[in-house]
Amino acid sequence: MSKPTLGSTRQGFIPPFILERIAAHDEVHLQGCAQRTLEVDHYFRARRAPDIVANMDMPEGSPRPGQAARYIYSANYQEVLPGTLVREEGQDESGDPTVDEAYRWLGVTYRFFWEAFERNSIDDQGLPLLGTVHYGQDYENAFWNGAQMVFGDGDGELFNRFTAALDVVGHELAHGVIEREAGLVYTYQSGALNESLADVFGSLTKQYHLGQTAAEADWLIGAELFTERVQGRALRSMAAPGTAYDDPILGKDPQPAHMDDFVETEEDNGGVHINSGIPNHAFYLAAMALDGYAWQTCGFVWYDTLHDSRLTQESDFATFASLTVDNASRRFGTESQEAIAIRDAWQAVGVIA
Ligand SMILES: [Zn+2]
């Protein structure tokens with residue numbers, strides 16, 4: 001198979017500001033896990049995805065659109081990629097729950113993009129979906145490196161194994177889709193939009209899998225990741241940004257829900273995981289106003305907007321917002337309830353007047 005050309009934005013699912021808090025904590029074991037995770041993340045951020053892809057022996061994609069091509073590897077607790085192949089498309093369960101979760105969630109995410117939007121994998125050309133589990137020791141993150149997903153087992157004290165959360169897989173694969181379609185620059189508002197779109201499609205993947213309407217969904221991101229020890233429900237909440245966790249070690253969820261509380265910062269690539277709360281909340285408000293399955297209403301509009309040639313790499317919230325209103329009018333009609341709900345939602349979070 002030819003080597004795909006992919007972009008260069010590689011970020012773990014857990015943002016650095018959370019890991020830095022843990023690394024500054026006085027428990028030696030937790031300190032060590034977070035420190036090591038930050039080092040691994042830094043290493044992967046410094047490498048360009050096309051180099052990773054060029055150096056990998058990529059297996060074949062699926063010859064048939066609508067059929068995923070999954071390959072799950074184990075790193076056997078080392079920091080090696082991709083590791084040993086342990087389960088490939090069509091094979092029976094391996095018996096290792098981590099391997100089988102990765103296989104299952106990659107399949108669900110593939111099926112969501114195919115059935116909701118007729119998208120054939122990340123590149124829309126059947127790119128094979130590779131996942132490596134048991135990566136490193138106590139590694140507290142998961143990421144897509146341009147060629148494959150990588151899952152840590154967590155430290156067992158604050159974080160569970162990362163294959164536990166379907167929306168983590170949906171979020172990371174969505175970054176691949178976003179990069180190919182819009183290439184939103186991963187800093188400031190365009191970066192926060194990039195993050196928000198990954199959350200939107202991650203959450204929709206989960207809602208689709210569970211057959212949930214907007215009103216039935218929990219609108220949480222990473223609800224399965226925290227152990228009992230953490231005072232928090234999830235990493236982020238699209239329904240109530242800023243309330244997902246408030247914990248002595250991790251700190252408090254820093255997300256705003258309205259432009260009045262927009263956070264000006266140089267940290268976190270200019271607040272990409274912080275200000276994403278604002279467009280996340282707009283999506284939630286529109287989906288709730290419309291109810292029904294969100295991937296059939298505003299989810300479709302967000303996907304259309306991702307393809308819109310007027311969306312540039314440095315688009316800000318206001319540009320994205322007005323494009324969603326326009327795309328809702330095109331798909332559903334000018335004064336359709338979809339167009340109205342979406343415009344109202346962006347007004348409610350202060351992005352458009
Ligand atoms: Zn992300």
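Residues numbered from 1 in each chain as written. Predicted model: local features only at pLDDT ≥ 70, side-chain atom pairs only at ≥ 80, totals over all residues. Heavy atoms only, no water.

*Asks:* Can you walk me through the packing of aromatic side chains in this structure?
*Replies:* How two aromatic rings sit relative to each other is given by the distance of their centres and the angle of their planes. As enumerated under the stated definition, the model contains 26 aromatic pairs in all. A ring pair is formed by Phe113 and Phe201, whose centres lie 5.9 Å apart and whose planes are at 45 degrees; its orientation type is tilted. Note that Phe113 is positioned in helix α4 (residues 97-117) and Phe201 in helix α6 (residues 188-210), a separation of 88 residues in sequence. Considered together, Phe113 and Phe201 belong to a single accessibility category, that of buried residues. Taken together, the ring pairs connect Phe112, Phe113, Phe117, Phe201, Tyr208, Tyr293, Trp295, Phe300 and Tyr303 into an aromatic cluster. Directly above the ring of Tyr103 sits Arg87, whose terminal nitrogen or CZ lies 3.6 Å from the centroid. The side chain of Arg236 reaches across the aromatic face of Phe13, ending 5.6 Å from its centre. (Phe/Tyr/Trp six-rings, centres within 6.5 Å; stacked < 30°, edge-to-face > 60°. Helix = DSSP H or I, 4+ residues; strand = E, 2+ residues; numbered from the N terminus. Buried < 20%, exposed > 50% of the residue type's maximum accessible area, 1.4 Å probe, protein only. Lys NZ or Arg CZ within 6 Å of the ring centre and 35° of its normal.)

*Asks:* Would you explain the coordination of the zinc ion in this entry?
*Replies:* Note on metal geometry: ideal angles are 109.5 degrees for four donors arranged tetrahedrally and 90 or 180 degrees for six donors arranged octahedrally. For the zinc ion, the protein coordination sphere consists of His171 (NE2), His175 (NE2) and Glu195 (OE), at 2.0 to 2.1 Å. Along the chain, the residues that donate to the zinc ion are spaced as H-x3-H-x19-E. Here Glu195 lies in helix α6 and His175 lies in helix α5 (residues 166-181), a separation of 20 residues in the sequence. One exposure class covers both His175 and Glu195, and it is buried. (Donors = N, O, S within 2.8 Å, 3.2 Å for Na, K, Ca; no water.)

*Asks:* Would you mind showing me how to read the pairing of strand β3 (residues 129-133) here?
*Replies:* On any regular strand, side chains alternate: one points to one face of the sheet, the next to the other face. Of all five residues in β3, five are buried; the element is thus mostly enclosed. With burial as the criterion, each face of β3 is covered, one bearing Leu129, Gly131 and Val133 and the other bearing Leu130 and Thr132. Sheet topology note: the strand β1 (residues 70-74)/β3 ladder contains five bridges and is parallel. Looking at the pairing, Tyr71 lines up with Leu130 of β3. Pairing of β3 with strand β5 (residues 149-151) involves two bridges; the strand directions are parallel. The partner of Thr132 across the bridge, within β5, is Val150. (Pairing = 2+ DSSP bridges.)

Don't take any of this as a statement about function, it's just geometry.
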